[in-house]
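Chain by chain, the residues:
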Amino acid sequence: MRFNRHLNQPIPDKADVRALTPNPATVQLIDRLEDAGCETVFDRFAAQQPQCPSGLRGTCCRMCQWGPCRISGKAPRGVCGRDMNQVVMATIVRQLAAGMSAHARHAHEVVLALRATAEGTATIMLKGREHALDLADRFHIDTDGLGDDGVVRAVAQALLDDIGRMTADPMNTLEAFAPSDRRKVWEELDILPRSAAYESMESLHMTTLGACSDWTALAGQELRSALAYCYGALYTSSLATEVLYGVPTPRLTEVNYGVLKPGHVNVLLHGHSPVMVEKVIEKVRSPEIEALAREAGAEGIVLGGMCCTGDELLARYGIPTVTNIMGQELALGTGAVDAVIVDMQCVIPGLKIVADCFGTEIITTSISNRIPGATHIPFNPERPETLDADAERVARTAVAAFGARDRSKIEIPERVTTAMGGFGYEAILGAFGGASVLADAVRDGRIRGVATVVGCNTPKVAYESAHVGIARRLIEAGVLVTTTGCASHALLNAGLCDPAAAELAPPGLRELLEEAGVPPVLAVGGCVDNVRSLRLFIAIAGELDRPLAELPYLFVGAEPGNEKTVGQGATFLVHGISVLSGFPAQIPVAVPRIGPDGELLDGRNDITEFFAGDGLLSLVGAKIYTETDPACAAQTGLMHLHRKRQALGWG
Ligand code: NFS
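Residues numbered from 1 in each chain as written. Predicted model: local features only at pLDDT ≥ 70, side-chain atom pairs only at ≥ 80, totals over all residues. Heavy atoms only, no water.

A. Region of interest: the site of the ligand. Residues in contact with the ligand amount to 13 residues; listed here are only the nearest, His 272, Cys 308, Cys 346, Cys 486 and Cys 527. Counting residues per element, the ones that place at least two in the shell around the ligand are α14 (307–317) and α21 (485–493). Class assignment for the residues of the shell around the ligand results in 7 nonpolar, 5 polar and 1 charged. Lining the shell around the ligand are residues from two domains, each supplying at least three of them: domain 3 (251–409) and domain 4 (420–648). (Near = heavy atom within 4 Å. Helix = DSSP H or I, 4+ residues; strand = E, 2+ residues; numbered from the N terminus. Nonpolar A, V, L, I, M, F, W, Y, C, P; charged D, E, K, R; others polar. Domains from an automatic or database assignment.)

B. Expanded view of the sheet that holds strand β9 (residues 339–342). The strand order across the open sheet formed by 6 strands is β8-β7-β6-β9-β10-β11, and the pairing between neighbours is parallel. Lying at the two open borders of the sheet, with one neighbouring strand each, are β8 (321–323) and β11 (375–379). Taken over all neighbouring pairs, the strand axes of this sheet differ in orientation by 30 degrees on average, direction set aside. Across 3 bridges, strand β10 (residues 361–366) lies against β11 in parallel orientation. (Pairing = 2+ DSSP bridges. Axes fitted to C-alpha atoms, helices over the stretch in contact; angles between N-to-C directions.)

C. Spotlight on unusual backbone geometry. Cis geometry marks the peptide bond from Gln 49 to Pro 50; its omega dihedral reads -5 degrees. Mapped onto the elements, Pro 50 comes out in the loop between α3 (41–47) and α4 (53–57). The backbone of His 140 sits at a positive phi, close to 55 degrees, despite the residue not being glycine. Checked against the element boundaries, His 140 lands in the loop between α6 (129–138) and α7 (147–164).

D. Local environment of the coordination of the nickel atom of the ligand. For the nickel atom of the ligand, the protein supplies a single donor, Cys 527 (SG), at a distance of 2.4 Å. Its 4 donor atoms give the nickel atom of the ligand angles of 88 to 165 degrees at the centre, a pattern that matches the irregular case. Tracing the sequence through the fold places Cys 527 in the loop between β15 (521–525) and α23 (530–544). (Donors = N, O, S within 2.8 Å, 3.2 Å for Na, K, Ca; no water. Tetrahedral: all angles 85-135°; square planar, octahedral: opposite > 155°, others 65-115°.)

And the structure:
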């Protein structure tokens, strides 16, 4: 691997990916696409090397039209006077705001669909009425005389308020779900947020030219935004989805590229919002569409999930997952995919380039996402009455693509992997017999700690090697693992979500897993469902009567990519749970140096001190560790868990 001195870490090329990626199907498909002369993310990453050092360090300021300014030893301030700390922190605040906008937009669509269902304008069969009653209770909604649909409508309004409130009233989800001791910490730090929309606005405001010159105040906005992100975007979308489509329960299935079948219509479901895709699944499973597929000469229809939509459909229905963001082009390299139905976010432009190589139909279903050359049949959350007819058109277009492609190019890697998904918060507690059982096991050491391994992929890490390498070592050391997002596809395809993988765990954890009949990695859903893992952390802490920050917990984001991951990590940090990142964020990396007399000089700077030193630790009781090598990263994580146990006297 080529070493990048600006990042203080090695950068993989395509040969490194081939050597290190854990899924053999990946290597087969990389070769296949190369032979077909089709460029992928791996080729474009190579073409971008070396990447701009200022960009890598977050010291390039593009927040006004006096710039761009690069902060350096020669020019330590931008034209307006901003120094390095102000530029780097403002950039991070903006990244979180962008990620929050993405998840909040997703939440907005689901909550509007929920409201439309209660009002009878969307033809969706509500599966979570009991959940709505529970939420109404938690939100202190007076349900007298509201009727069933009125309760759902009131819950939807409470969630909508958390997405968009513009005044300083308390957030419903935060009041209902945050632990009270944490709430006190946030009050003292003055970081209680208004809503996702308000804090996105305030983040852009505070970072614009001449609006705020104190980087510590920007750091405060980062923490406030993390809370808005968690309670205004994640909780709102995850809870609204559960009310609409039900709370997931565990089911066994098969995953990986090998689930695609040559004689079938293969349709991949990709994106984040559940609304259109749920309706499309209903249509695809109707006798009319099945008959249409047979008329076209297909033996049947295979549905496969990608990215967070894939995670959610696995959780709710056991629909097989195929791959994640960096595998989306590879999946089309099988030559077997007739159509990809995509909604919002993480649908990379490169998908269409490969689709054109293989004649795959791309159908976009979000009003926010257009792809030149794709068929556009959008769902508009403010015009839900067309959902049914539009979903029917999407399903027909996907099936019609079967006859349109050259099937001689099909080459599907054989590999399928057994996996169990569907571990909603309630399902995890149900499988183990309650939070108290897990709490006892954490205290007596059968469970050494609880970690959530989540987030995207990045070409800066040999694809999926960090997710799998770290998770496997955590399991072997007795750590219970939950997962979401693109990380979960890596772990699903690696077999770590197969109940048989319990044999990797040491005896105490292994017995617990076998008794519960669950795998060592619990796939809880898409990225918005990180709140399911957070709720698990909170429930176990409640049983142990300990603050979150004292417990052997860890958030692992080993291959961060999307701006959304900034908010994911910050969400857990602000709750007192430390973060292990597999890759340095766009901040100036602290590189220790040898001084003129041979002494070791500390390479710290204010930003790394804040995130990885005493800064955050003194404020919220958590910090960020960065370690790029999977074996060292796992060791770092295990040391963290061990130190927490020792401080509690749990050995
Ligand atoms: Ni999360 Fe979902 Fe994947 Fe990353 Fe994208 S799919 S919301 S952002 S790339 S894990």
